[in-house]
Structure formats: C-alpha cells, structure tokens
Amino acid sequence: MTRLLIVDDEENIREVVREYAELNGYDADEAQDGFEAIDKVKNSHYDCIILDVMMPRLDGFSACREIRKVSESPIIILSARTEEYDKLFGFELGVDDYVVKPFSPKELMARIRVILERGKKHSGQDILKFEGLVIDVPGRSVTVDGRKAPLTPKEIDLLLYLVQNPNVAMSRQKLLEEVWNFDYFGDDRTVDTHIKMLRRNLGPYREHIVTVRGMGYKFEA
C-alpha cells in the first residue's frame, strides 16, 4: 500500500489530510515537527511526504534539506507563505510541489496522485547515453563521466521529459504543465531556476540543454 507521511504541527490539519488520504486508499503516518519527520524517514519508506513549513523546533525547509540527504521520496510543501522567494527556495531544495494554505484536501490528493503516477512512468528505453552522460530511466539516476550527479527528483523529472522529446522545442508553459502537472502560480522562472540547476549538475554536458530564444528549452541529442 502507498504510504504517506504527513508533517504538520497543527493536529487538525494532520487529521484532515489523513482522513482524505485513507479515503483515497493510502496508508498515512504523522509527524508533528521536522525532527520527528527526519527520524521517521530514516527508519521507514514513504511514497510521498507532505511537509509544512512553519513548525516549532525545526522548520519544513530545514527538514527538507535533511530528508533529501537520505531519501528521494516526493515532497509536497504546505505553507501559508505565498512569497515567490519561498516557492523558488523550496524547489531549489528539491520539493516536488508547493501548496499554499488554506488548501483543498481534494486538490492535494489530486496532486499526490499525479506525482505518484509520474514516478511509475518511464520510456521504453531503460538506459540513455549521450557521450559521458548516462541516464538510468527506471533507476532515476544520472551519471556524468562515471560519477553520480546530485540531481533533485524534480531535476530528474525535467531532464527525463526533455530527453524523451529530443530536439523538440518546449515552451516554459508546456514544461510547467507536463513536468509540474499543475501551474501553481504561473511563473516561468520556476522552469528557468530548475534549468539553471540542472545545467550546473550536468557539468560538461550542460550544452545539450539549449535555450530557444523567446520560447523555452530543448534537449539536443
């Protein structure tokens, strides 16, 4: 059964999310702060983590940074903070989605389903090679000249989408729709930020990701 970890210091929010999760057939576990969440992730596997930002003892962003050291499970941020900086900072840390409070539990479940389904998909070709850039599609790992690249889950999603549509120019809006699945706040800079980080992690093979002026990006095979 799919396991979720709900991390929030507000018990009523944990209860609501848990109730909807169980109605959707998920097994839900809870943590009331960042430290408890990190301990649980280190000792158990979760298919998706729903993580609040404003929590006592350890905030969600700090918890996310530590969780990413031991787990690549998808992370959805819940936050009352709507500033663009906070959203982009979350994406830079490797979160997969950012949901602003107050939120619709039904929409949250829809986002979880999309993220989980996306993780199951991969192309018919398991290993993709471009010179010294090797992409293990089912294993969701990337190596650059024999060394594993420290890509976040969202960077891997973005790279996979681009390489599975080689030499096709993709608009930023198209990438938001296909990789993020939801256009959270309609900001193209979300894509630009992830492209910048992805290029940095691809090192000498960054040139495969080409900027299409006035439109977006493409992967030149």
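For the structure itself, consult the block above.
As a starting point, this report considers the structure included with it. Note that the structure is predicted; figures quoted are calculated from it, not measured. Each chain carries its own residue numbering, running from 1 in the direction its sequence is written. Local features are withheld for residues below a pLDDT of 70 in this predicted model, meaning they are given only at 70 or higher, and side-chain atom pairs are given and counted only at 80 or more; totals for whole chains, interfaces and linings count all residues. For side-chain calculations, the full set of non-hydrogen atoms in the structure is used, while hydrogens and water are omitted.

In this section: unusual backbone geometry. Cis geometry is adopted by the peptide bond preceding P102, which originates at K101 and carries an omega value of -5°. To qualify as a helix, a DSSP run of H or I must reach at least 4 residues; to qualify as a strand, a run of E must reach at least 2; elements of each kind are numbered from the N terminus. Position of P102 relative to the elements: it lies in the loop between β5 (97-100) and α5 (105-120). Notably, R57 is not glycine yet its phi reads approximately 70°, a positive angle. One can find R57 in the loop between β3 (48-52) and α3 (60-67). Positive phi outside glycine occurs at R140, with the angle close to 50°.

This brings us to the nonpolar core. Considering soluble globular proteins, one finds that nonpolar side chains tend to be buried as a cluster. Core analysis: the biggest nonpolar cluster contains 52 residues, and I49, L51, L133, I135, L159 and L175 have the highest contact counts within it. Ranked by residues supplied to this core, first place goes to helix α6 (residues 153-163) with seven residues. Contacts between residues were defined by any pair of non-hydrogen atoms, one from each residue, lying within 4.5 Å. What I135 contacts, discounting residues up to four positions off in sequence, is D126, I127, L128, F130, S141, V142, L159, L160 and V163. The nonpolar core is taken to be a set of buried Ala, Val, Leu, Ile, Met, Phe, Trp, Tyr and Cys residues, with the residues joined through side-chain atoms within 4.5 Å. Only protein chains enter the calculation, and the probe is 1.4 Å; a residue is then buried if its accessible area is under 20% of its type maximum, exposed if over 50%, and partly exposed in between.

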